[in-house]
Structure formats: C-alpha cells, structure tokens
Amino acid sequence: MLLSIIRYLKGYLKIQIAGYSPERFLNACSHHNIYLWGLRSEHGRYEMYISIQGFRKLKPIIKKTGTRAVITERFGLPFFLHKYRKRKCFFLGSLLCIILIYMMSLFIWDIDISGNKSRTDETLLSFLESKDVVHGMKKSKVDCERIVKDIRKEFDDIIWVSASIRGTRLIVQVKENEDSVSSDSAAPDGSSSATDIVADEDCTITELITRKGTPLVHVGDSVKKGDFLVCGRIEVLDDSKEVVDYQYCASDASIRGKAVLQYESSHSLTYEEKDYSGKAAGEFFVRIGPWLFGCGGIRNSFEASTMFSEEHTLTLGKHFVLPFSYGKRIVRSYRPEEKTYTRPQIEQILNSEFSRKCEELEKKGVEIIENDVKIYTENRQATAKGTITVVMDIGKQVPTERLEVPAKPDDENPERDNANGNDGDSD
Amino acid sequence: MKKNRQKSDGHSLSDRLANASGIPKDVILGFPILTVTGQTELSLENYRGILEYTSELIRIQTKSGRIKVCGKRLQVEYYTNDEMKVTGRITSIEYD
C-alpha cells in the first residue's frame, strides 16, 4: 500500500520492450539497479513498469542491447499535474485549501474537559471563559500553566489539573477530591470548633445512637425545635464529681424522631383552556450573532396568541457554539375558554400532588407512618389539608458554647485536700 | 567429469568446509534459494540473470546451474539485483 502510494507520487511508466534479446535487457536493468515490476510477456513482447528515474537511466542499456522501448502508459502525480497544468483555478484552490488548513490549525477548536464528576463541563468552561480561554482563541495565546494555576486556585475540591494542546484541541484533565465530603465534615474538627446537635423539628425521639458527645435526651422524650439533643462538651469530673475541665468535640449521632408535619395545598377549581383552532402565522429565521433574519411574517392582530419557537444552534464538536442558529417561529391564535374541574378531576390533581410530596419525603429517608390529609372543596378552590406523621432524621449541627472551667473548685481543691488530710489525721 | 560428480555428490572441499563451519550454503557456495508458495508464487534469490522468459517458461542462470520454471501465464512480479518473484500457475521446476 505504502509502496504504491510512493510510486504514484513519484510517477511511473508502463513500457513495452521489443527486440532481439529482451532477457539481456532485463539482466542489464537489474545490474544497473533499475527496479522493474509487473513483467508480462506476450507474443515476444515484454511489458513492464518502471519508475521515471529508472527510465532516464535506460538509454545506454537500450543502445547496448539493441532493443526498442516504447512508453505505452504514464501513471502518477507528476503526469497528472502536467496534464492539468492549464487549470489555474484548480491549483489556486489547492493552494487556498492548504493555506486555510494551516490557518485553521492556529486556533483552538475544541476544549475537552475530562475527569470532572461533581463540577460540570459548563462550570469549568464558563470559568475558563472568564479567564479569556474560549473556543476559537489563538493557540499561541493559550498558557497551559496559567490555566492549571487558575483552576487550582478557584476550585478547592480539584486536586490535580493538567492542560495540554493536542492539535487544535485544548485538553484539560482534572482530578477531583473524591472524599471531599468527609474532609468537609472534618474541617470543623480541624478548626477546633466543637458542635452540638439541636432538634430542627418538634418531635418525639424514637432512636438515638451517640457516637461522639454527651446525649442530653432519651428515647421517648418529646423535644421542641431548638432543644439540645447531643452536647459536644464533655465534662471532666474529679473524684468528688465536680467539673475540673471540659473537653470539646464535634458531636456525631444518629437520631430519629416522630414528628407531625403540616401539609396544605390548594388548587383553583376553574382553569383557562386554549382553543388553538384559529389562525396561525409562522416564519423561518436565521440568527447570525445579534441579527435575526426571518422569512415570512409573524405580525398579527390576534387578540390572544401563543408563540412557539424552535431554535437550533450550530456547534462545532460538542461545546464550540457558533454564532449561527436557525429555527422557526409559529404564532397561534387561541380562544380562551374558562372551564371548571369536576370533583374527581380536582381530587386526582390534589392526590397526585400529595403523593409526589410523599415520594420526595421518602427519597430523603423520611418514613411516613400516618397521614391525615383530607380534601376540602369550596366555591372557587379545592384544598388538601392535614397532617402527616413521619419518622425522620432529626438534628442539625450548631457550634458549642464554650464555658469557662469553674475556677472555684480548682482553688478550693488544695484546701479541701488538706481538710481531708486533717480529717484523716484526726481519725 | 570426476570433479563434477564429486560436486554433485556433495563431497567437494568447499562443500565440506561449509558443512564443518555451519555457515549457510547459499552464502558460501552461492546456492539459489527458492521459496515456493503453493503453485502460484515463486521467490528466487541468489541468481545471476534471466536466460529466457516467455509466459510458459522462465530459465534462470544461477551460480550452480540453471533453473527452468514451466507454467502458464507466468509473470515476473518484480525483478531486482537480489530477488525476483514469479507468479502464475507453476507446473514444474527443473534443475539443468
């Protein structure tokens, strides 16, 4: 394959040899290192292929061996170019093509971001845009080291960045800190700010497992919103059960409680239905940058109308948005009609709303044990109202109040020790 | 005549030398190497030249004798100083 391409580029000939001793001619060719291929012998004539360079060296051999060589066909690029030498536009076009390809290769056509999981491509792209790294910028203006530094500076959770240019593509590879969640929760520890857990709902505690801190409530206790559940301050007691010091920690506990949530949702009984059986007007449009060119007319004198618009933006690759878009717009006139929901319809709407809410709660790990939601229908609207009894995770972290270690007992301690000693003595 | 027989029996001095030294005979004695693939391809190395070439017969001169290749539609794929390749339907290969 490669050989045939090289042959084509260099050009080759098909020649016919006739004469007294063609074999001698062949041997002479091989002796002079002239490459021959595709030999074919027919009726005493020999056809073969020979390169242009080989053919130029042929003259003395032909003379010596007394054969005649006739060129029957010419192949290859040199002959092709010679044949079409008068087609100036063709050469101009090829030249233009080469120049265009070269010029195009001077720009960044695609920014490829990989390795990001929590940060979206769009976030990173818009950040890069704010740093003047955009699609279509000149390749020579890209400073990969700058990009790496900027990204590392801006995003704390990205722990490794690599930026490189391959062809016309800027490749940004990032590595995110996968255990960033635990490090977040560890951060308060590090900054030595101890935390308490307080109730974020009125509830009755059903489950309490404390891993760190002092539990202040028991299973079965009712707590109000804002009550302390677990304290991050652990008292250090001495022999006489008096506080000598406090140790602080970030409280950690699994607490579940039974809470009663209020639910209310109302819906109007009447609604407007649009009857689109009237006239419509539409147009196709092309948007180039800020200018919009439409063909057709969407000017109208409709009393009430809705515009439906469909726009496609041209992109190169995945993210390179070109300033061209096209689409169509249709304006449809409608006749508004006021309609009323029937009772089953409104019930269904409210029911589906309620079950969606329940699903949302369940997704958050809330267990619904009882619901007491009823639908009330009035003149103009219907309302679903009531309470849901749930078992849910309770508690939010708040910073622990730091207390001064009570100074009095400390001061009295030696005296008391002495007193004790005295007592012992007297005993 | 006697010398010739010795040569063909493989007892000449250079032959024995080649045997003893373990150097390939195509290097020392200039024997031709024929690689035949099926009945359609023949690669030939270590030859001196073509004596006769038609589409039914190719005669090749080598250092140690002549080789006659008979067949149909014989064609020389390429022909250089070191190697040649013959394609077509080969019916016989003979040593003169």
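Residues numbered from 1 in each chain as written. Chains lettered and ligands numbered in written order. Predicted model: local features only at pLDDT ≥ 70, side-chain atom pairs only at ≥ 80, totals over all residues. Heavy atoms only, no water.

A. Main features of the overall build of chain A. Looking only at helices and strands, one finds 11 helices and 24 strands in chain A. Per-residue burial for chain A yields a buried fraction of 29% across its 427 residues. Restricting to contacts in chain A with at least 6 residues of sequence separation, those with at least 24 account for 66%. Within the structure as shown, chain A displays about 28,500 Å² of accessible surface, and the carbon and sulfur contribution to it stands at 52%. (Helix = DSSP H or I, 4+ residues; strand = E, 2+ residues; numbered from the N terminus. Buried < 20%, exposed > 50% of the residue type's maximum accessible area, 1.4 Å probe, protein only. Contact = heavy atoms within 4.5 Å. Areas by Shrake-Rupley, 256 points an atom, 1.4 Å probe, with all protein chains shown as cover.)

B. Representation of unusual backbone geometry. Positive phi, normally seen in glycine, also occurs at A:Asp132, with a value near 65°. Look at A:Asp132 and you get exposed, because its relative accessible area is 60%. Within the chain, B:Asn46 stands out as a residue other than glycine whose phi angle is a positive 60°. Among the structural elements, B:Asn46 can be located in the loop between strand S2 (41–45) and strand S3 (49–53). Residue B:Asn46 is classed as partly exposed on the basis of its relative accessible area, which comes to 30%.

C. Local environment of the interface of chain B and chain A. Facing the 14 residues of chain B at the interface are 15 residues of chain A. Overall, the association of chain B and chain A removes approximately 1,300 Å² of surface from exposure, summing both partners, and the carbon and sulfur fraction of that is 49%. Area buried by chain B at its contact with chain A is led by B:Tyr53, B:Tyr79 and B:Asn81, which between them contribute 47% of it. At the junction of chain B with chain A, the criterion picks out 0 salt bridges. Run the count over chain B and chain A and you get 11 residue pairs in polar contact (both at pLDDT 80 or more). If you list the elements that add at least two residues to the side of chain B that touches chain A, you get S3 and strand S5 (65–79) of chain B. Grouping the constituent residues of the side of chain B that touches chain A by class yields 6 nonpolar, 6 polar and 2 charged. Relative to S5(B), strand S2 (residues 36–42) of chain A is paired through 4 bridges, and the arrangement is antiparallel. Opposite A:Trp37, over in S5(B), you have B:Tyr78 as the bridge partner. (Buried area = accessible area lost by both parts, 1.4 Å probe. Salt bridge = Lys/Arg side-chain N within 4 Å of Asp/Glu carboxyl O. Polar contact = N/O pair within 3.5 Å; in protein donor to acceptor, adjacent residues only side chain to side chain. Nonpolar A, V, L, I, M, F, W, Y, C, P; charged D, E, K, R; others polar. Pairing = 2+ DSSP bridges.)

D. Region of interest: the environment of A:Ile368. All names here are of chain A. Inspection of the secondary structure puts Ile 368 in strand S22 (residues 367–377). Judged by relative accessible area, which is 23%, Ile 368 ranks as partly exposed. Sequence separation between Ile 368 and Ala 259 is 109 residues, and the spatial gap between their C-alpha atoms is 9.8 Å. Discounting residues that sit within four places of it in the chain, Ile 368 has contacts with Cys 358, Leu 361, Glu 362, Ile 388, Thr 389 and Val 390.

E. Summary view of the sheet that holds S22(A). Residues and elements named next belong to chain A. Overall, antiparallel pairing links the 5 strands, which are arranged S11-S9-S15-S23-S22 in an open sheet. A strand with exactly one partner marks an edge of an open sheet, and here the two such strands are strand S11 (222–223) and S22. In the sheet, strand S9 (residues 203–212) pairs with S11 via 2 bridges, with the strands oriented antiparallel. Note on S11: the bridge partner recorded for Cys 203 is Val 223. Helix-sheet contacts for helix H10 (residues 343–363) involve strand S15 (252–268), S22 and strand S23 (381–393), and the interaxial angle to S15 is about 160°. (Axes fitted to C-alpha atoms, helices over the stretch in contact; angles between N-to-C directions.)

F. Examining the pattern of salt bridges more closely. Residues and elements named next belong to chain A. In total, this model carries 18 salt bridges over all chains according to the counting rule given. Notably, a salt bridge pairs Asp 110 with Arg 169, separated by 3.4 Å at the nearest N-O pair. On the criterion of sequence distance, the pair formed by Asp 110 in strand S5 (residues 110–114) and Arg 169 in strand S7 (residues 169–176) is long-range, its members being 59 residues apart. The buried category is assigned to Asp 110, whose relative accessible area is 13%. Across the salt bridge formed by Lys 374 and Asp 372, the nearest N and O atoms sit 3.8 Å from each other. For Lys 374, a relative accessible area of 48% corresponds to the partly exposed category.

G. Focus on the sheet that holds strand S8 (residues 195–198) of chain A. Residue and element names in this part refer to chain A. Ordered in space as S10-S12-S8-S24, the 4 strands form an open sheet in which the pairing is antiparallel. In this open sheet, the two edge strands, each paired with only one partner strand, are strand S10 (214–215) and strand S24 (396–399). Here S8 runs beside strand S12 (residues 228–231); their pairing, made up of 2 bridges, is antiparallel. Pairing of Val 198 across the sheet is with Phe 228, part of S12.

H. Up close: the pairing of strand S20 (residues 320–333) of chain A. Residue and element names in this part refer to chain A. As judged from the 9 bridges shared by strand S17 (residues 280–288) and S20, these two strands associate in the antiparallel manner. Along S20, the bridge assignment pairs Val 286 with Tyr 326. Summarising the sheet, strand S19 (residues 305–316) and S20 pair through 11 bridges and their orientation is antiparallel. Within S20, the position partnered with Ser 305 by the bridge is Ser 333.

I. Structural view of the nonpolar core. With 31 residues, the main nonpolar core has A:Phe25, A:Leu26, A:Leu36, A:Met48, A:Leu58 and B:Met84 as its most contacted residues. Per element, the largest residue contribution to this core is 5 residues, and it comes from S5(B). The contact partners of A:Leu26, leaving out residues within four places of it in the chain, are A:Leu36, A:Leu39, A:Met48, B:Ile50, B:Tyr53 and B:Tyr79. By size, the runner-up hydrophobic cluster in this structure holds 28 residues, among which are A:Ile197, A:Leu208, A:Tyr341 and A:Leu361. (Core = buried A, V, L, I, M, F, W, Y, C linked by side-chain atoms within 4.5 Å.)

J. Spatial organisation of the side chain of A:Asp196. Residue and element names in this part refer to chain A. For Asp 196, the position within the fold is in strand S8. Here Asp 196 is buried and forms no salt bridge, its nearest opposite-charge partner Arg 233 lying at an N-O distance of 5.5 Å. From its side chain, Asp 196 meets the backbone nitrogen of Gly 232 in a polar contact 2.6 Å long. A distance of 3.0 Å separates polar atoms of two side chains, one belonging to Asp 196 and the other to Thr 400. If sequence neighbours within four positions are ignored, Asp 196 has contacts with Phe 228, Val 230, Cys 231, Gly 232, Arg 233, Ser 251, Lys 396, Gln 397, Val 398, Pro 399, Thr 400 and Glu 401. (Lys, Arg positive; Asp, Glu negative; His and termini not counted.)

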